[in-house]
Structure formats: C-alpha cells, structure tokens
Number of protein chains: 2
Amino acid sequence: MSWAAYASQLAGRAKLASRQLAMATSDQKNDWLRRLAELLIERSTEVLSENTVDLNKASEFGLNEAAVDRLRLTPSRLSKMAADLRDVTLLPDPVGEVIESSIRPNGLQIRRVRVPLGVVFFIFESRPNVTVDAASLCIKSGNAVILRGGKEALHSNLALHRVVRDSLIESGLPEHAAQLVESTERDIVGELLKLNGLIDVTIPRGGKSLIERVAREATMPVIKHFDGICHVYVDRSADPEMAVRILKNSKCQRPGVCNAAECVLIHEEIAAKFLPLMERMLVAERVELRGCDRTREFIPTAKVASELDYHTEYLDLILSSKVVESIDAAIDHIDRYGSHHTETIVTADDAAANRFTAEIDSAAVFVNASTRFNDGGELGLGAEIGISTDKFHARGPCGLRELTSYKWVALGSGQIRE
Amino acid sequence: MSWAAYASQLAGRAKLASRQLAMATSDQKNDWLRRLAELLIERSTEVLSENTVDLNKASEFGLNEAAVDRLRLTPSRLSKMAADLRDVTLLPDPVGEVIESSIRPNGLQIRRVRVPLGVVFFIFESRPNVTVDAASLCIKSGNAVILRGGKEALHSNLALHRVVRDSLIESGLPEHAAQLVESTERDIVGELLKLNGLIDVTIPRGGKSLIERVAREATMPVIKHFDGICHVYVDRSADPEMAVRILKNSKCQRPGVCNAAECVLIHEEIAAKFLPLMERMLVAERVELRGCDRTREFIPTAKVASELDYHTEYLDLILSSKVVESIDAAIDHIDRYGSHHTETIVTADDAAANRFTAEIDSAAVFVNASTRFNDGGELGLGAEIGISTDKFHARGPCGLRELTSYKWVALGSGQIRE
C-alpha cells in the first residue's frame, strides 16, 4: 500500500468513527476513560517491556539524558497516566452544550449547540504518555484522533495504542476512534496533511521546524504556536522584590517550555533599584544575562544583547534584558519582538496594568503573576492539548471546549420566510 | 509601485489602524456609524453620479438585467443603507465582553475577554451597498477592513469609500480603518493573500471560482462556503401541506441564494400523498423537476435526475428529487451529496426530528421551517458578513461576534507557579 493509500485509509476510518463518536453519551465516554485507566495498569508489563525496547535504542537516536528521561515509562508514571484519565472523566462534556438559545418573533426556537470538530490529526515529538493524554481529550470531546508520535518512542506508542484500542472495543466505542500512524516515515505526514475533506484540524506539538512544516503543508486548519518569546515588564511602580520573584519563576522554573520568559524589560525609573536584585538572583540561578547598554551600566558582567537576542526563544537559562523609558516603549518592544504568546507586567499602578492588558496583543496577559500560568490546568480548563497563538478559533491553551465547533438547530411549526 | 508593494502598504496601514480601533469605545464607533449614515444622504448626488458611470458601462461587462438592477443605487436604496447603519449602532459591541471569569485557588483572577480579530480582507462581487455594510460590521467589531469589490462597481465603490473615509476622519477614527483596493487588477488579490502576518482573516463572497481561488491561495484563515446544496427531507409523518409550503419557500422565495433548497428527499411511505401536491406547486411556480425513478412513477413529466444533479447547486428554478426508504437513507444522501450548509426535516415525529438534528452535520439544521432562515438576521445575529460551512472558528452566519477572538487576562498579587 502506498503512503497516500495508507493515509486515506487512516483518515477515512477516522471520519467514520467520528460520526459514531459524535453521538456517544458522556457516560459511554467516561466508562471508556475508566476502563482505559484500569487496562494501563493491568497491561503495564507489556507496555514497560516495549518501552525498554525504545530505551535500548535511545543512543542510536542520539538522545541526551533529559530526553531519555522523558521517554522512560515506570510503574509510577503509568499510575499517574491512569489518574489523569480519571481526572478527565470529571471534566464537563462539552458536546451537546447549548451555547445560546432564543425564540424569534415568528416562533422559531433557535439553539446554538456545541458539536465535535470531527477528526483531529495530532503530531507530537514528546513523551509517550502524550499518546494516551491526547486520545483522552479528543475522544472525550467527541472527536476521532490520528496520532503520530516520534520515532524514538515508536514501540512504546504502539503498545500504548494497543491498550487504547482494546479499551475502545471493550467499551463499545469505535475501534478507530484513536489510530496510531504505525510508521515513522516522514512522507505519511505529508499525505495526511492533504486530506482536508476528512481531517478537520491538525495539532502539531514539538519543535519549530515540525510546526513550520505542518503550517506550510496543511490543507486544513492548524492549532499551533511557533515560538514562546515571553516577556516580563517591570513597571516603575513595581515592588522590586515581587518583580524578582516573578522573573525567577517565569525564567527558571522550567526554562525549556513555551511559557518561560525569555526577556525582561525594565522601566528606567526602577532600574537602579531592581537590577542589582535581579543580578543576585540570576547569578544564584546560573542564568546568563544578555543586556542592552543601560542594563550593562548596572550589571557590567552582562553580555551584549544583539538584535537577534530579542528575537530568540532560548528555551534555556539565558535571559535578554532591556531598560525602557516608558510603558509605551515596553509595549512597542513586545509588539515588535514578541510571539503573541504570554507577557506579564509587574506594577502597583492600576492604570499601567489596564493599559498593558488592553494593548498587549497576546494569547495571555498577566498582571503581577508568572508567565508560567499560561497553561490549561492553571487557567481552569482542566487539561490542554496545545497552546494557540493564532486568533482564529481558539487562543491560548486548548482544552475540551476548544476541540469543538457548534451547529445551529432551529425548531419550527411550519414557518416560512416572508 | 508594484502590486506587491501596494498590497503591503494597504495591509500595513490596516494593521496600524486595527491597533487604534481595538481601543475605540462603543460610543466612538456608534458616533461614526451615525455620521456615515448622515454623510451618505448629504453626498448622495456624488455617489449616484458615480454609480451612473458604472451603469453606463454595464453592457461592456455583459451584465444582464438582474445584474444591472443589483448594481443600481437610488435615493431610496441610499436611505436603506443609512437605516441599516443606524441598526448596527443598536447591536451590542462584542469587544471587551468578558466571556467567562473565575478565581483560581491561588487567588489569580482569570478573565477571557473578547477582542477584535485585527484586519479583515473582504472580497465581494455583488452590490455596491456591501461596501458600506461590510465596513460597518468590521469596524463596529473593532477590526480594520480592506475592501475589494467587483470591476463593474468600481466607480460606485470609490465614491462610497470616499464617504466612509471622510466619516472616519470626522469621527476621529483611523482613516485607514476601511481601505478600498483601488484597482481591479487580479494580481493584487494574490499579493494580499500572501500577507498572513498582517491580515488576520479573508472573507470572500461571490461565485465558486472566486472562493476556490481564495481558499487555494490564502495564507491566512478564510471564512467561506463553496456551495449551498441544501435539502428538504419530507418524513413519513410529515403534514403534506406544510411540507409543500416549506419546500416552496425553500426553493422559490429567492432561488439564487445559498440557503435556497436544491433537492427534496421524500420518505416512501408519504410519496403517494405528497408528490401530487408537490407537482401542482412546482408547475405553478415554473420549477423544473429532475427526479429518481420512483419520483417519476408519480410525476412522469419529471426529467431523469443524474448523479451530477444531486451534486449541483442550481441557484435557479430547478429541483432534484429522490424517494428514500428511511430517515437513515435521507441522512446518508445528505452526508454524501450535501455541502454542510442548511437542511430541514418536515415531520410530526419528535424522535425523527431529534435524530435528524443530531446526526446531520450542517451549519444549520431546521425542523418544520424553511431553509431560508439560515441567515444572520433571521437567527438573531442582527447582521452578517458571510456564512461559513467550515467547523473551525465560526459556523453558519457570521455577525459581529464571529469577527472577534479573545485573550486571557489574569490579575495576580505576586503569584508564582509551584
């Protein structure tokens, strides 16, 4: 079978499954989630032994220590995955929600009803637990999903997918509600990206080159973010201690993720008070600083920040810094160099907070809080399948509701249009 | 200046204007709408005389009588446009609406706040009043708009755009909030469709070839529908008189529009009662019927419906017809031949109505009402800029709210992530 034929088969089966899934009740979907949680534990020996096959090949793929750790499954990680599945049963089912309703003067009863998107093509490079996580969110929201994982996790993903498939069959949901692309061939992704008649949305999660390729080739909508160039702006009225605490958390708590801060902007009137405190924190946290000239007046050990630095998502313990003369200059800088992902202002001035939240055009804007809070769980969505920096459809973290559309349903008694 | 440079200039100006517009208050936007309504009347001589230039060239473009009528502006049509503008002032301003809010256990105050999309590129082939209509909806929802009209209406559109621009300047809104592409050169559209960094959404309204071109070339999201292949399904429990009334309205009230019906499906158990009534109506309305073999048993004068007929949006007084053995067969037919636009079931059976509304995957699904009600005004949106058959972002009629996105705003007091 050619890759094109394989892609059509996967997508065609997914489309058929999606029709049945759209009609599934919340109880059916939650029963499936609970059964999958049980099966993950019951079949942990099989899953862990396939994971070992991947781990033994990790050096072939040149994985570093951190990547090997992300790849590794353990009994406690499987228990955590099972617990996460039980958490998803507690989230409200978005399907069938009446978003709004009205009765028109002619008596037509109008409802806008939430429905699944249909078929999700989910591409990920990261940990094998994402296989189960993504399947749970897509199916709970009534969508069929085609999963494509990284080559370094193929055996783990195949084993996890078998468990998912068996749990679907046992629960009376369509077997093809979650399918795994069983080849790591690159061309198959290209073939799937052509199928906009069968696949309703593609969600790539991984490095920038993956996402750029998907955005370029996809014929269907894509939920994505390329970069997370996130900023902390320290306003002149900021509490310097709070600003250091927020910057430390934004930059250092998990530097490799998209909502970590990459650049700090400092109002010139607070530079003398704030920068020495910041320097102490950065040294303690082993963060390399790349600053503008005015930053370097206060912190002479800082490297020189180039134009490129302000455009860079380091994903590492490196921070760029610029002293600005006003909140306007901060907003302009973010507009020019940012990626519309996440920004925060530290301020004691309500007017400054209001201006910042109104004028910054990013998926999430915080006042006196860490950028790290731009996350589905932290913003109250319960779980997320990705973060969008686009403005179309969904923006910011995407949970169950963001995996849905709606349709208009109107009940009449013979109305015609005059 | 090259077309590429002209496109960049238009889109760059629109982007700047969109930033100011996003901050405009409802009062400012409504004041502008009222001023534009006044100016349309004050400057009607200028507008009507430019319209006459277009009318005098109509034969060069080969416009038929109906098309000339659509092109024509009159004092009463200008008054209607002014009245429509005043109606838009009465619609709620979507910008700034708090869609949802919550307080997290850590004290973070979370809001999801509605914001404009940014820049809309609106392409239309139809009547010149759409120039004013589209500008009013885009700007009321805080978006800048680039308008591209048809070549046959160029002088009318130029005159109307001058009035729009002057009203913007007088009202203190950015002059470039609404720009008209002042050339009918085809290549300029291609250049604008490349600018996904500046233009947030493209909305093409016109013939299928225009929409296909836009969907193929656009690098940004598109709100669109290709076809309106809409169905009326007459269930076995239908009141035959009501079914005829609804079919007549769906097919004949305005056959050239996208929510007009193109195909009727009849449950076999009601065929003997319904088809003779239908035949009488179709003859009286001069509708050509193309039926399946079983239709033709009852109506021998009907032409034979080919496979192609069921795939065709006639936009004319032609109707295809098929007798089906069950509601399942009707749903399957719609799934196979329909365009996911609008379908209606005529039935006295709640179970059939529920199955139809649940299983039909179309933007709007009606029970005992005409397909013609799939319209922004009729569904309570107040006005519409287009109808979407996609499931991503907006589905069905798109009004002010569908021209918006949202952002997450969170107010803290020093929270960091643990």
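Positions within a chain are numbered from 1, following the residues in the order the chain's sequence is written. Starting at A for chains and at 1 for ligands, labels are handed out in the order in which the entities are written. Two thresholds apply to this predicted model, a pLDDT of at least 70 for residue-level local features and 80 or more for giving and counting side-chain atom pairs, whereas whole-chain, interface and lining totals are computed over all residues. Excluded from the side-chain calculations are hydrogens and water; all other atoms, namely the structure's heavy atoms, are used.

**What about the domain arrangement of chain A?**
One widely used convention gives an interface's size as the accessible area the parts lose upon coming together. Those domain boundaries reflect an automatic or database domain assignment. In terms of domains, chain A is made up of domain 1 (3–223 + 398–411) and domain 2 (230–378). Look at where the C-alpha atoms of domain 1 of chain A and domain 2 of chain A centre, and you get two points 35 Å apart.

**Some remarks on the side chain of histidine 267 of chain A**
All names here are of chain A. Among the secondary structure elements, histidine 267 is positioned in strand S8 (residues 261–267). Take histidine 267: its relative accessible area is 4%, and that puts it in the buried class. Note on contacts: a residue pair qualifies if any of its non-hydrogen atoms lie within 4.5 Å across the two residues. Aside from chain neighbours lying at most four places away, what touches histidine 267 is Tyr233, Val234, Asp235, Arg236, Val324, Glu325, Ser326 and Ile327. The numbering of helices and of strands both runs from the N terminus, where a helix is a DSSP run of H or I of at least 4 residues and a strand a run of E of at least 2. Throughout, exposure labels follow a simple rule: accessible area from a 1.4 Å probe, protein chains only, divided by the maximum for the residue type, with under 20% read as buried, over 50% as exposed, and the rest as partly exposed.

**A word on the environment of serine 326 of chain B**
Residues and elements named next belong to chain B. Within the element layout of this structure, serine 326 appears in the loop between strand S11 (318–324) and helix H14 (327–337). Under the relative-accessibility criterion, serine 326 is labelled buried at 18%. On a C-alpha basis, the gap between serine 326 and glycine 107 in space is 56 Å, while along the polypeptide they are 219 residues apart. In this view, serine 326 contacts Tyr233 and His267; residues no more than four positions away in its chain are not counted. Polar contacts here mean pairs of N or O atoms no more than 3.5 Å apart (in protein, one a potential hydrogen donor and the other a potential acceptor; neighbouring residues in sequence count only if both atoms are side-chain atoms). Looking at serine 326, its side chain comes within polar contact range of the main-chain nitrogen of alanine 329, at 3.1 Å.

**Some details on the packing of aromatic side chains**
All names here are of chain B. Only centres within 6.5 Å qualify two rings of Phe, Tyr or Trp (six-membered ring in Trp) as a pair; their planes then separate them into stacked at under 30 degrees, edge-to-face at over 60, and tilted for everything else. Inspection of the entire model under this criterion finds 12 aromatic pairs over all chains. By definition, being over a ring means that NZ of Lys or CZ of Arg is both within 6 Å of the ring centre and within 35 degrees of the ring normal. If you follow arginine 112 out to its NZ or CZ, it ends over the ring of tyrosine 406, 4.7 Å from the centre. The aromatic ring of tyrosine 310 is capped on one face by lysine 322, whose charged end is 5.0 Å from the ring centroid.

**With respect to the relation of the copies chain B and chain A**
Superposing the copies works by least squares over the C-alpha atoms of residues that have pLDDT at least 70 in both of them. Relative to chain A, chain B is turned by 180 degrees and slid 0.0 Å along the rotation axis, the superposed coordinates differing by an RMSD of 0.0 Å. The transformation just described matches what one would write down for a two-fold rotation axis. The C-alpha atom lying nearest the rotation axis in chain B is that of histidine 393 of chain B; the distance is 1.8 Å. Same-surface contact between copies: 100% of interface residues of chain B are shared with the interface of chain A.

**What to know about the packing of helix H14 (residues 327–337) of chain A against helix H15 (residues 350–359) of chain A**
Describing two packed helices takes the angle between their axes plus the distance from one axis to the other. All names here are of chain A. Put simply, H14 and H15 touch, their axes get as near as 11 Å, and they point 20 degrees apart. If you check the angle between H14 and H15, you find them roughly parallel. Relative to H15, H14 is oriented so that their crossing is right-handed. Here H14 contributes Ile327, Asp328, Ile331 and Ile334 to the contact with H15, which in turn contributes Ala352, Arg355, Phe356 and Glu359. Under this grouping Gly is polar, as are all residues other than the nonpolar Ala, Val, Leu, Ile, Met, Phe, Trp, Tyr, Cys and Pro and the charged Asp, Glu, Lys and Arg. Looking at side-chain class alone, the contact of H14 with H15 contains five nonpolar, no polar and three charged residues. Helix axes use the C-alpha atoms of the stretch in contact, all axes being lines fitted to C-alpha atoms, and the angles between their N-to-C directions lie in the range 0 to 180 degrees. Roughly parallel covers angles under 35 degrees, roughly antiparallel covers those over 145, roughly perpendicular covers 65 to 115, and oblique covers all other angles. Each crossing is labelled by how the near helix is turned from the far one, with a counterclockwise turn of less than a right angle marking it left-handed and a clockwise turn marking it right-handed.

**Details of the interface of chain B and chain A**
Between chain B and chain A, the residue contacts involve 67 residues of the former and 67 residues of the latter. Contact between chain B and chain A buries roughly 5,600 Å² in total, counting both sides, with carbon and sulfur atoms accounting for 52%. Taken as a group, Phe392, Trp408 and Arg417 of chain B account for 17% of the area that chain B buries against chain A, more than any other trio of residues on that side. One speaks of a salt bridge when a side-chain nitrogen belonging to Lys or Arg is within 4 Å of a carboxyl oxygen belonging to Asp or Glu. Taken together, the links from chain B to chain A amount to 10 salt bridges. The partner of glutamate 402 of chain A in a salt bridge is arginine 112 of chain B, and the shortest N-O contact between them spans 3.1 Å. For the interface between chain B and chain A, the tally reads 53 residue pairs in polar contact (both at pLDDT 80 or more). Taken together, the elements giving at least two residues each to the side of chain B that touches chain A come down to helix H1 (3–23), strand S2 (109–116), helix H10 (240–252), helix H15 (350–359), strand S13 (364–369), strand S15 (396–398) and strand S16 (404–415) of chain B. It is S16 of chain B that contributes the most residues to the side of chain B that touches chain A, 11 residues altogether. Of the residues contributing to the side of chain B that touches chain A, the split by class is 31 nonpolar, 18 polar and 18 charged. Relative to S16 of chain B, strand S13 (residues 364–369) of chain A is paired through five bridges, and the arrangement is parallel. When the sheet's bridge partners are listed, valine 365 of chain A is paired in S16 of chain B with valine 409 of chain B. Accessible area, probed at 1.4 Å, shrinks when two parts are joined; the buried area is that loss added up over both. Strand pairing is assigned whenever DSSP detects at least two bridges linking the two strands.

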